[in-house]
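Observations on the three-dimensional arrangement
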Amino acid sequence: MMIHGDPEFVLTLHSVIEFIGTFAFALSGIRLAASKHYDWLGGFVCGVAVAIGGGTIRDVMLGVRPFWMLSPIYLICTLFAQLVVIACHRYLKRLDNTWFLFDTLGLALFNIAGIQKSLECGFSFWVAIIMGCITGAAGGVIRDVLLNEEPIIFRKEIYAMACVAGGLAYWGLSYLGVSLYITVIVAFSVVCAIRLLAVRYHISLPKLRDEEQTVE
């Protein structure tokens, strides 16, 4: 199934989504590095890891050149995010909710970018949904490993499943022939809403129980 919409518009929209998502994710990664008292280089590395990590894995799996190798704008965007964190370091603690919002926005934006690029490469929608999850969540995993934290997708908070829901919404609307503009807005809103509601009301997936836990 192909994406409905003008090819030039699709390409432009995809680039805008990746750029905004890069900035949002880079901010969240550098912010966490600052909380660990990393130096400027360490912060930049964490920002780059979370900003391009998921997209790089996606592109390698799709058999195309990683997106950040085609233009330096993504590294420049990460550098700009670092400058923002450095300039606002005195207010970082007050902006905890803001950094969470940036992480959520990055997740939703990169999820859509992964879906669109997979469809552009001619893959089926089920593959596109998986690639959307990888694009949105893998960068956060790399970031957490670098910061010696338990990856967020394994914690109680709903993270990757929000991407799956957004991908299913994208597929459903595309199947019905809804315009690309509306489809992107709805898919983006679904990911953000699920993520925000899950954290606000402490909604999580059921936990696995090992043998010892089931024995009374």
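Residues numbered from 1 in each chain as written. Predicted model: local features only at pLDDT ≥ 70, side-chain atom pairs only at ≥ 80, totals over all residues. Heavy atoms only, no water.

What counts is decided by this rule: UniProt positions are given in the numbering used here, feature names are shortened, and annotations may be inferred rather than shown by experiment.
The name that an unreviewed UniProt entry assigns to the protein chain is Glycine transporter domain-containing protein, with the source organism given as Segatella copri DSM 18205. The record in UniProt for the protein chain states the following under Subcellular location (unreviewed entry): "Cell membrane". Listed under Sequence similarities (unreviewed entry) in UniProt, the entry text for the protein chain is "Belongs to the UPF0126 family."

**Structural notes on helix 5 (residues 125–146)**
Formally: Numbering of helices and strands starts at the N terminus; helices are DSSP runs of H or I of at least 4 residues and strands are runs of E of at least 2. Between the first and last residue of a helix there are one fewer steps than residues, each counted as 1.5 Å, and that sum is the expected span. Each residue is assigned a bend, namely the angle between axes fitted to the seven residues that terminate at it and the seven residues that start at it. Three exposure classes are used, based on accessible area relative to the maximum for each residue type with a 1.4 Å probe and protein chains only: buried under 20%, partly exposed in between, and exposed over 50%.
When the terminal C-alpha atoms of helix 5 are compared, their 32 Å separation across 22 residues agrees well with the 32 Å that a helix rising 1.5 Å per residue should span. Along helix 5, the sharpest change in direction is near 35 degrees and occurs at A137. In terms of burial, helix 5 is largely enclosed, as 16 of its 22 residues are buried. Taken from the residues just after helix 5, N148 is the one with a positive phi, measuring 60 degrees.

**Some remarks on the side chain of R143**
Convention followed: Contact definition: two residues touch when any of their heavy atoms are within 4.5 Å.
Tracing the chain through its elements places R143 in helix 5. By relative accessible area, R143 is classed as buried at 3%. Ignoring sequence-local partners within four residues, the contact set of R143 consists of S28, G29, L32, V50, D103 and I152.

**A look at helix 6 (residues 160–175)**
When the terminal C-alpha atoms of helix 6 are compared, their 23 Å separation across 16 residues agrees well with the 22 Å that a helix rising 1.5 Å per residue should span. Directly beyond the C-terminal end of helix 6, a positive phi value near 80 degrees is found at G177.

**Side note on the UniProt feature "transmembrane region" (unreviewed entry) in the protein chain**
Mapped onto this numbering, the UniProt entry gives "transmembrane region" (unreviewed entry) at residues 12–33, 40–61, 67–88, 100–119, 125–146, 158–174 and 180–199. Here residues 67–88 is 68% helix and 0% strand, with 29 Å between the C-alpha atoms at its ends. Within residues 100–119, the helical portion is 100% and the strand portion 0%, while the C-alpha atoms at the span's ends are 29 Å from each other.

**With respect to the UniProt feature "domain: Glycine transporter" (unreviewed entry) in the protein chain**
UniProt feature "domain: Glycine transporter" (unreviewed entry): in the numbering of this structure it lies at residues 16–89 and 101–173. Strand forms 0% of residues 16–89 and helix 78%; the C-alpha atoms that close the span are 27 Å apart.

**Observations concerning the environment of F102**
Position of F102 relative to the elements: it lies in helix 4 (residues 96–120). Residues F102 and F19 lie 83 residues apart in sequence; the distance between their C-alpha atoms is 13 Å. Each residue touching F102, except ones within four places of it in the same chain, is listed here: A24 and L27.

**Structural notes on the packing of aromatic side chains**
Using the following cut-off: Any two of the Phe, Tyr and Trp rings considered here, Trp counted by its six-membered ring, make a pair once their centres fall within 6.5 Å; the pair's planes then place it as stacked at under 30 degrees, edge-to-face at over 60, or tilted in between. Consider the ring centre and the ring normal. A charge sits over the ring if Lys NZ or Arg CZ is within 6 Å of that centre and within 35 degrees of that normal.
Summed over the entire model, instances satisfying the criterion amount to five aromatic pairs. Relative to Y170, the ring of F125 has its centre 6.0 Å away and its plane inclined at 50 degrees; by these criteria the two rings are tilted. Highlighted residues: F125 in helix 5 and Y170 in helix 6, separated in sequence by 45 residues. The ring of Y201 is capped by R200, whose NZ or CZ atom sits 5.0 Å from the centre of that ring.

**Some remarks on the packing of helix 2 (residues 40–62) against helix 5**
The condition that has to hold: Convention adopted: a line fitted to C-alpha atoms gives each axis, helices being fitted over their contacting stretch, and angles between N-to-C directions are expressed from 0 to 180 degrees. Should an angle fall under 35 degrees it is taken as roughly parallel, and over 145 as roughly antiparallel, whereas 65 to 115 is taken as roughly perpendicular and any remaining angle as oblique. Whether a crossing is left-handed or right-handed is set by the direction in which the near helix is turned from the far one by less than a right angle, anticlockwise for left-handed and clockwise for right-handed. Amino acids outside the nonpolar list (Ala, Val, Leu, Ile, Met, Phe, Trp, Tyr, Cys, Pro) and the charged list (Asp, Glu, Lys, Arg) are all regarded as polar, and Gly is one of them.
Here helix 2 crosses helix 5 at 140 degrees, and the two axes come no closer than 7 Å. The angle between the axes of helix 2 and helix 5 places the two elements in the oblique class. Crossing geometry of helix 2 relative to helix 5 is assigned as right-handed. In contact with V45, C46, A49, V50, G53, G54, G55, I57, R58, M61 and L62 of helix 2, helix 5 contributes M131, I134, T135, A138, G139, G140, I142, R143 and L146. Split into classes, the residues belonging to the contact of helix 2 with helix 5 amount to twelve nonpolar, six polar and two charged.

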